[in-house]
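Architecture and fold: a report
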Amino acid sequence: MRAKDIMTENVVTVTRDMGVPDVAKLLLERNISGVPVVDDNGAVVGIVTEGDLIQRKGAGETGSRHSSWWLRLFGDPSDSAGQYIKTHGMRAADIMTRDVLTVDAETPTGDIARIMAERHIKRVPVVSDGLLVGIVSRSNLLRGMVTRESTGSPSADDRSIKDAIQK
């Protein structure tokens, strides 16, 4: 099986300028845990997850984890500035993870599962020619595993049925 066999094709996305409260509301309304941030052409420029939003909320509370003051003395000042923006920013661009790992539609699902496990990520955008065409989440992988175990690998007929249903 490949990414194209299991990916969600109609991906909910946001722009860099969408407000953080609107991103949070969208995640809740759509019952999703993360959303790619795309530019005007549909290229992935980041991703905002529930983790980003929870980290943001936790940063302003008393008792939250902060690095030791003496460790910050030896750190890169731009790291502190970046963390401040991530926890206090008002737009998706401020809080998104910028270094997004992507795969193409032909990537084997086993490779995707390994990447997700090694990187501790829950979703991977699927791109073609630099543009977003889908997303593979842990639930997509699970559905793919169940399908494969009950029916074997998808055939060309399986793909054409999937395409017909999604149109």
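Up top is the structure these notes are about.
The paragraphs below set out a description of the structure included in this document. (Residues numbered from 1 in each chain as written. Predicted model: local features only at pLDDT ≥ 70, side-chain atom pairs only at ≥ 80, totals over all residues. Heavy atoms only, no water.)

1. Notes on a nonpolar patch on the surface
On the surface, a cluster of nonpolar side chains totalling about 270 Å² of accessible area is made up of Leu142, Met145 and Val146. By the secondary structure assignment, Val146 is in helix α8 (residues 138–151). (Patch = residues over 30% accessible without salt bridge, like charges linked within 9 Å, V, L, I, M, F, W, Y side chains within 5 Å. Areas by Shrake-Rupley, 256 points an atom, 1.4 Å probe, with all protein chains shown as cover. Salt bridge = Lys/Arg side-chain N within 4 Å of Asp/Glu carboxyl O. Helix = DSSP H or I, 4+ residues; strand = E, 2+ residues; numbered from the N terminus.)

2. Considering the environment of Thr15
The topology assignment puts Thr15 in the loop between α1 (3–6) and α2 (20–30). Among the residues examined, Thr15 registers a relative accessible area of 42% and is labelled partly exposed. Each C-alpha atom, one on Thr15 and one on Asp40, is 7.9 Å from the other, the two residues being 25 residues apart in sequence. When sequence neighbours within four positions are dropped, the list of residues in contact with Thr15 reads Val37, Val38 and Ala92. (Buried < 20%, exposed > 50% of the residue type's maximum accessible area, 1.4 Å probe, protein only. Contact = heavy atoms within 4.5 Å.)

3. Observations regarding the side chain of Asp52
Tracing the sequence through the fold places Asp52 in helix α3 (residues 50–59). A polar contact of 2.9 Å, which involves the side chain of Asp52, links it to the backbone nitrogen of Thr49. (Polar contact = N/O pair within 3.5 Å; in protein donor to acceptor, adjacent residues only side chain to side chain.)

4. Considering helix α7 (residues 109–119)
It helps to recall that an α-helix has 3.6 residues per turn; residues three or four apart then point in one direction. Those residues of α7 that sit buried are Thr109, Ile112, Ile115 and Met116. An end-on view of α7 places all buried positions within 120 degrees of arc, on one side of the element. Those residues of α7 that are exposed and aimed more than 90 degrees away from the buried face are Ala117 and Glu118. Looking at the residues trailing α7, positive phi occurs at His120, about 55 degrees. (Arc of directions from axis to C-beta.)

5. Points about the pairing of strand β1 (residues 34–38)
Judged by how many residues are buried, β1 sits mostly within the fold: five of five residues are covered. Alignment of β1 against strand β2 (residues 44–49), held across five bridges, turns out to be antiparallel. Counted as the bridge partner of Gly34 is Thr49 from β2. Once β1 ends, the chain turns through five residues before running back antiparallel as β2, passing Gly42 with a positive phi of about 95 degrees. (Pairing = 2+ DSSP bridges.)

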